[in-house]
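If you want the building blocks of each chain, they are given just below.
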Amino acid sequence: QVQLVESGGGLVQAGGSLRLSCAASRSIFSINTMGWYRRAPGKQRELVATITRGGGTNYADSVKGRFTISRDTAKNTVYLQMSGLKPDDTAVYYCNAFDFDNKIYWGQGTQVTVSS
């Protein structure tokens, strides 16, 4: 199992930046893929970005060029650096871990609100 704890959400003006952190309870190097998802009001949860054990990254088209996913394996932490934020980025952001035994884990979520 793995527990995930997100932090770093908040209120920011359009065009601003935030960095989200996701601390895992065990080595993230032992996890297949970690990622960030978000759920906006009235919408379904959607993929934002993922990073594999090997370091490969993937982004939703809507955030390419603005968001960057990274990790610090020494701290067992995955980050989401968000820049050029738009009101449409307002959502609850969830950290996700997809383990090698196909189990999926979620954090509790952190609210990001972008004002226009």
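For the structure, see preceding data.
None of the values given here were measured: they were computed from a predicted structure.

Quick notes on the pairing of strand β7 (residues 67-72)
Part 1 of the argument: Bridge analysis of β7 against strand β8 (residues 77-82) gives six bridges, and the strand direction is antiparallel. Bridge pairing links Ser 70 to Tyr 79 in β8.
Part 2 of the argument: In sequence, β7 turns back onto β8 through a hairpin of four residues, with Asn 76 there showing a positive phi of about 50°.

Thoughts on the packing of aromatic side chains
Part 1 of the argument: Overall, the coordinates contain two aromatic pairs when judged by the stated rule.
Part 2 of the argument: Measuring from centroid to centroid gives 5.1 Å for Tyr 37 and Trp 106, while their planes differ by 75°, and the two rings are edge-to-face. Here Tyr 37 is found in strand β4 (residues 33-39), whereas its partner Trp 106 is found in strand β10 (residues 104-106), with 69 residues between them in sequence.
Part 3 of the argument: Looking at Tyr 37, the relative accessible area reads 21%, which means it is partly exposed.
Part 4 of the argument: Ring centres 6.5 Å apart and planes at 90° place the aromatic pair Tyr 94 and Trp 106 in the edge-to-face group. On the criterion of sequence distance, the pair formed by Tyr 94 in strand β9 (residues 91-98) and Trp 106 in strand β10 is long-range, its members being twelve residues apart.
Part 5 of the argument: Residue classification places Tyr 94 among the buried positions, given a relative accessible area of 16%.
Part 6 of the argument: Ring pairs connect the aromatic residues Tyr 37, Tyr 94 and Trp 106, which therefore count as one cluster.

With respect to the sheet that holds strand β3 (residues 18-24)
The strands making up a sheet are joined through hydrogen bonds of the backbone, oriented either antiparallel or parallel.
Part 1 of the argument: Taking strand neighbours across the sheet as the criterion, the four strands line up as β1-β3-β8-β7 in an open arrangement whose pairing is antiparallel. Edge positions in the sheet fall to β1 (4-7) and β7, since each of these pairs with one other strand and no more. On average, each strand axis in the sheet is tilted by 15° relative to the strand beside it, whichever way the strands run.

Topic: the nonpolar core
Part 1 of the argument: In this structure, Leu 4, Met 34, Trp 36, Leu 80, Met 82 and Tyr 93 are the most contacted members of the largest nonpolar core, which totals 31 residues.
Part 2 of the argument: Contributions of two or more residues to this core are made by β3, β4, β5 (46-52), β7, β8, β9 and β11 (110-115).

What to know about the pattern of salt bridges
Part 1 of the argument: Summed over the entire model, instances satisfying the criterion amount to five salt bridges.
Part 2 of the argument: Across the pair Asp 61 and Lys 64 runs a salt bridge whose closest N-O atoms are separated by 3.1 Å.
Part 3 of the argument: Since its relative accessible area comes to 64%, Asp 61 is described here as exposed.
Part 4 of the argument: One salt bridge connects Asp 89 with Arg 66, and the closest N-O pair in it is separated by 2.7 Å. Taken together, the residues Asp 89 in the loop between β8 and β9 and Arg 66 in the loop between β6 (57-59) and β7 connect sequence positions 23 residues apart.
Part 5 of the argument: On the basis of relative accessible area, Asp 89 is assigned to the buried category, the value being 2%.

Thresholds applied
Residues numbered from 1 in each chain as written. Predicted model: local features only at pLDDT ≥ 70, side-chain atom pairs only at ≥ 80, totals over all residues. Heavy atoms only, no water. Pairing = 2+ DSSP bridges. Helix = DSSP H or I, 4+ residues; strand = E, 2+ residues; numbered from the N terminus. Phe/Tyr/Trp six-rings, centres within 6.5 Å; stacked < 30°, edge-to-face > 60°. Buried < 20%, exposed > 50% of the residue type's maximum accessible area, 1.4 Å probe, protein only. Axes fitted to C-alpha atoms, helices over the stretch in contact; angles between N-to-C directions. Core = buried A, V, L, I, M, F, W, Y, C linked by side-chain atoms within 4.5 Å. Salt bridge = Lys/Arg side-chain N within 4 Å of Asp/Glu carboxyl O.

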